[in-house]
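# An overview of the molecular structure
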Amino acid sequence: MTEPVLAVEGLNVYYGESHVVRDVSFRLEEHETIAVMGRNGMGKTTLFKALIGLLPVGSGRILLRGRDITRAKSYERVAAGLGYVPQGRMVFPYLSVEENLLAGLETVTDRMVPDYVYDTFPVLREMRKRLAGNLSGGQQQQLAIARALVARPAVLLLDEPTEGIQPSIIKEIARTLNTLRAAHGFAMVLSEQVLSFALEIADRFLILDKGEFAYEGLKAEVDTAKIHAHLTV
Amino acid sequence: MILAVQDLTVSFDGFRAVDGLALSVEEDELRCVIGPNGAGKTTLLDAICGKTRPSHGSIRFKEHELTDMIEYEVTRVGVGRKFQTPSTYEDLTVLENLEISYPKNRGVMSSLFFARDATLRDKVDEVARAIHLEEHLGVKAGSLSHGQKQWLEIGMLLMQDPELLLLDEPVAGMSPGERERTAEMLKGISAGRSTIVIEHDMAFVRMIAHTVTVMHQGKVLAEGSMDDIQLDPRVIEVYLGD
């Protein structure tokens with residue numbers, strides 16, 4: 001078996017007293033996209049925060065290309081090849097659009113915003129000198145995705161990336177992520193409420209229920225009705 | 001007609017976020033406003049509720065000219081607005097969040113000697129039922145799920161009984177199940193008042209809307225039923241995609 005790009009082994013994460021992520025394990029192969037689905041409050045965002053190092057891991061291990069990053073700082077994880085699109089945009093409101101993108105390039109030697117980023121998000125090119133805080137909500141979300149993409153991560157973590165984005169651009173983002181993945185060969189872990197978007201880009205589905213994986217399926221065999229049922233109960 | 005927006009222009013950075021917009025909403029109407037990111041939807045709500053001052057134009061709400069008023073005055077004449085991100089008091093319970101949103105007797109003395117009377121209790125019960133949180137009155141807002149926080153914020157507005165309710169992306173971040181429940185909830189909440197909802201989730205808009213207004217570049221691009229809008233080639237081009 002080839003080495004997975006990201007391996008999570010027996011992960012437990014706590015928020016104060018409450019045990020939110022319970023003994024979660026999964027392997028993300030090179031070029032693969034996993035969608036982590038589940039109702040709100042089931043631990044998706046907590047899992048992402050633990051993966052990027054914003055929340056401490058109680059027990060278990062996170063391996064990025066075989067290297068143990070369980071206790072690494074967030075910036076060390078980014079330098080090692082993790083990219084992160086947080087839920088709720090989190091752009092720097094008092095920096096320009098371009099400065100936000102350059103912030104995403106801190107770990108890269110060639111600090112130029114690649115053309116494909118502006119080609120995917122033309123509005124960001126148009127508004128690159130404006131303060132990010134003056135963009136609309138959906139434009140800020142596009143900026144958050146672009147900021148994670150510029151560093152060409154090995155693994156991209158996307159926590160509800162389509163929130164507040166207009167339908168046509170959601171479709172465009174799905175196309176771009178698929179094209180980029182084919183061209184640059186990164187892998188993705190995605191949390192998403194819009195099932196149609198997840199079906200566009202994910203190869204495998206994991207459903208998180210009360211902090212544990214309750215269902216796993218490959219896209220080819222995925223039971224849409226079953227996923228929907230898990231999300232609506 | 002309860003709201004009449006005429007020739008409204010809002011500029012910042014030398015950029016016209018809203019550009020000569022006209023829009024009217026009838027009593028009891030539930031209107032959905034959709035449109036591309038940056039079309040000026042949120043800015044329109046900002047102008048209505050007094051958060052942003054327009055550079056030109058008029059916003060009539062009943063007999064009031066809202067462009068002459070400041071935010072709290074707009075609230076007091078009956079306009080309630082929910083922002084994109086939920087803003088509840090996390091360390092207070094659902095009950096307390098609803099109570100402090102009750103607009104009566106908010107002076108210094110009456111706040112110091114605050115007592116729960118029967119009218120307030122009835123109002124809290126009624127609102128808690130409307131937002132499906134009657135079982136959670138003792139729970140701190142910070143412990144609610146994301147969807148429940150959004151519902152609580154809507155409830156805090158309902159405590160003021162607004163005649164015009166403005167909701168900016170009320171189902172953002174909600175699961176499909178929560179979205180369906182919110183659509184159901186909105187049908188009840190919007191009865192007897194006028195409501196403007198901004199949303200990108202077309203399935204949700206279809207569940208609730210009668211008339212849909214599509215904004216683009218600060219103007220109204222199209223207006224009509226959901227079926228007309230979804231087939232409109234201009235709307236497909238700038239917003240829905242193919």
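These numbers come from a predicted model, not from an experiment.

This part covers the overall build of chain A. Check the secondary structure of chain A and you find 9 helices and 10 strands. Relative to a compact globule of 233 residues, whose C-alpha radius of gyration would be 17 Å, chain A shows 17 Å and is just as compact. Considered along the principal axes of its C-alpha atoms, chain A spans approximately 45 × 40 × 40 Å. By the burial criterion, 45% of the 233 residues in chain A qualify as buried. Counting only contacts in chain A whose residues sit at least 6 apart along the sequence, the fraction spanning at least 24 positions is 69%.

So, on to unusual backbone geometry. All names here are of chain B. Here the phi dihedral of Asp28 falls at roughly 70°; this positive angle occurs in a residue that is not glycine. On the secondary structure map, Asp28 appears in the loop between strand E2 (15-25) and strand E3 (30-34). We classify Asp28 as partly exposed; it has 13 C-beta atoms within 10 Å. Phi at Asp161 is positive, roughly 50°, even though this residue is not glycine. Its place among the elements puts Asp161 in the loop between helix H6 (146-158) and strand E7 (164-168). Residue classification places Asp161 among the partly exposed residues on the basis of 15 C-beta atoms within 10 Å.

A separate point is helix H7 (residues 167-184) of chain A. With 18 residues, H7(A) extends 25 Å from end C-alpha to end C-alpha; this agrees with the ideal 26 Å at 1.5 Å per step. The complete set of buried residues in H7(A) reads A:Pro167, A:Ile169, A:Ile173, A:Thr176 and A:Leu177. Elements in contact with the buried residues of H7(A): helix H4 (115-120), helix H6 (137-149) and helix H8 (195-201) of chain A together with helix H8 (202-208) and helix H10 (233-240) of chain B. Backbone geometry just downstream of H7(A) places A:Gly185 in the positive-phi region, at approximately 65°.

Formed by 66 residues in total, the largest nonpolar core has its most connected members in A:Val36, A:Val155, A:Leu157 and A:Leu190. Among the elements that line this core, the one with the most residues is H6(A), at 6 residues. Ignoring anything within four residues of it in the chain, the contact list for A:Val155 reads A:Val5, A:Leu6, A:Leu28, A:Leu64, A:Gly81, A:Leu82, A:Phe186, A:Ala187 and A:Val189. Of all hydrophobic cores here, the second largest spans 63 residues; its members include B:Val18, B:Leu133, B:Met156 and B:Leu158.

Let us now look at the confidence of the model for chain B. With 96% of its residues at a pLDDT of 70 or more, chain B shows a mean pLDDT of 91. Among the prediction metrics, the complex's ipTM stands at 0.71, with pTM recorded as 0.80.

Bringing the environment of B:Glu63 into the picture now. Mapped onto the elements, B:Glu63 comes out in the loop between strand E4 (56-61) and strand E5 (64-65). Measuring from C-alpha to C-alpha, the distance between B:Glu63 and B:Val77 comes to 9.7 Å, with 14 residues separating the pair along the chain.

On the side of chain A, 26 residues touch chain B, which itself brings 25 residues to the contact. Broken down by secondary-structure element, the contributors of at least two residues to the side of chain B that touches chain A are H6, helix H7 (176-189) and H10 of chain B. Broken down by element, the residue count for the side of chain B that touches chain A peaks at 4 residues, all from H7(B). Residues belonging to the side of chain B that touches chain A are distributed by class as follows: 8 nonpolar, 13 polar and 4 charged.

Residues and elements named next belong to chain A. Taken in spatial order, the 4 strands of this open sheet run E2-E1-E4-E5, and their pairing is antiparallel. Each edge of the open sheet carries a strand with a single partner, namely strand E2 (18-28) and strand E5 (67-68). Where strand E1 (residues 6-15) meets E2, 7 bridges bridge the pair, whose relative direction is antiparallel. Opposite Val8, over in E2, you have Phe26 as the bridge partner.

This part covers the sheet that holds strand E3 (residues 33-37) of chain A. All names here are of chain A. Reading across from one edge, E6-E7-E8-E3-E9-E10 is the order of the 6 strands in this open sheet, with mixed pairing throughout. Unpaired on one side and paired on the other, strand E6 (82-85) and strand E10 (212-218) mark the two borders of the sheet. Taken pair by pair, the neighbouring strands of this sheet meet at an average axis angle of 15°, ignoring direction. As judged from the 4 bridges shared by E6 and strand E7 (residues 155-159), these two strands associate in the parallel manner. When the sheet's bridge partners are listed, Tyr84 is paired in E7 with Leu157.

Turning our eyes to something else, we now look at H6(B). It helps to recall that an α-helix has 3.6 residues per turn; residues three or four apart then point in one direction. Between the first and last C-alpha of H6(B) there are 19 Å, a value that for 13 residues agrees with the 18 Å anticipated at 1.5 Å per step. When we look at burial in H6(B), the residues that qualify are B:Gly147, B:Gln148, B:Lys149, B:Gln150, B:Trp151, B:Leu152, B:Glu153, B:Ile154, B:Gly155, B:Met156, B:Leu157 and B:Leu158.

Moving on to the environment of A:Val117. Residue and element names in this part refer to chain A. Assignment of secondary structure puts Val117 in helix H4. Exposure remark for Val117: the 19 C-beta atoms within 10 Å place this residue in the partly exposed category. Between the alpha carbons of Val117 and Thr176 there is a distance of 9.3 Å; along the sequence they are 59 residues apart.

Before going further, it helps to examine the confidence of the model for chain A. Mean pLDDT over chain A stands at 88; residues scoring 70 or higher make up 99%. Averaged pLDDT values for the elements of chain A fall to 73 in helix H9 (residues 224-232) of chain A and rise to 96 in strand E4 (residues 59-64) of chain A.

Parameters at a glance
- Residues numbered from 1 in each chain as written.
- Chains lettered and ligands numbered in written order.
- Predicted model: local features only at pLDDT ≥ 70, side-chain atom pairs only at ≥ 80, totals over all residues.
- Helix = DSSP H or I, 4+ residues; strand = E, 2+ residues; numbered from the N terminus.
- Rg over C-alpha atoms; globule rule 2.2 N^0.38 Å.
- Buried ≥ 20, exposed ≤ 12 C-beta atoms within 10 Å, placed from the backbone.
- Contact = placed C-beta atoms within 7 Å.
- Expected span 1.5 Å × (residues − 1).
- Core = buried A, V, L, I, M, F, W, Y, C linked by C-beta atoms within 7 Å.
- pLDDT = per-residue confidence, 0-100.
- Nonpolar A, V, L, I, M, F, W, Y, C, P; charged D, E, K, R; others polar.
- Pairing = 2+ DSSP bridges.
- Axes fitted to C-alpha atoms, helices over the stretch in contact; angles between N-to-C directions.

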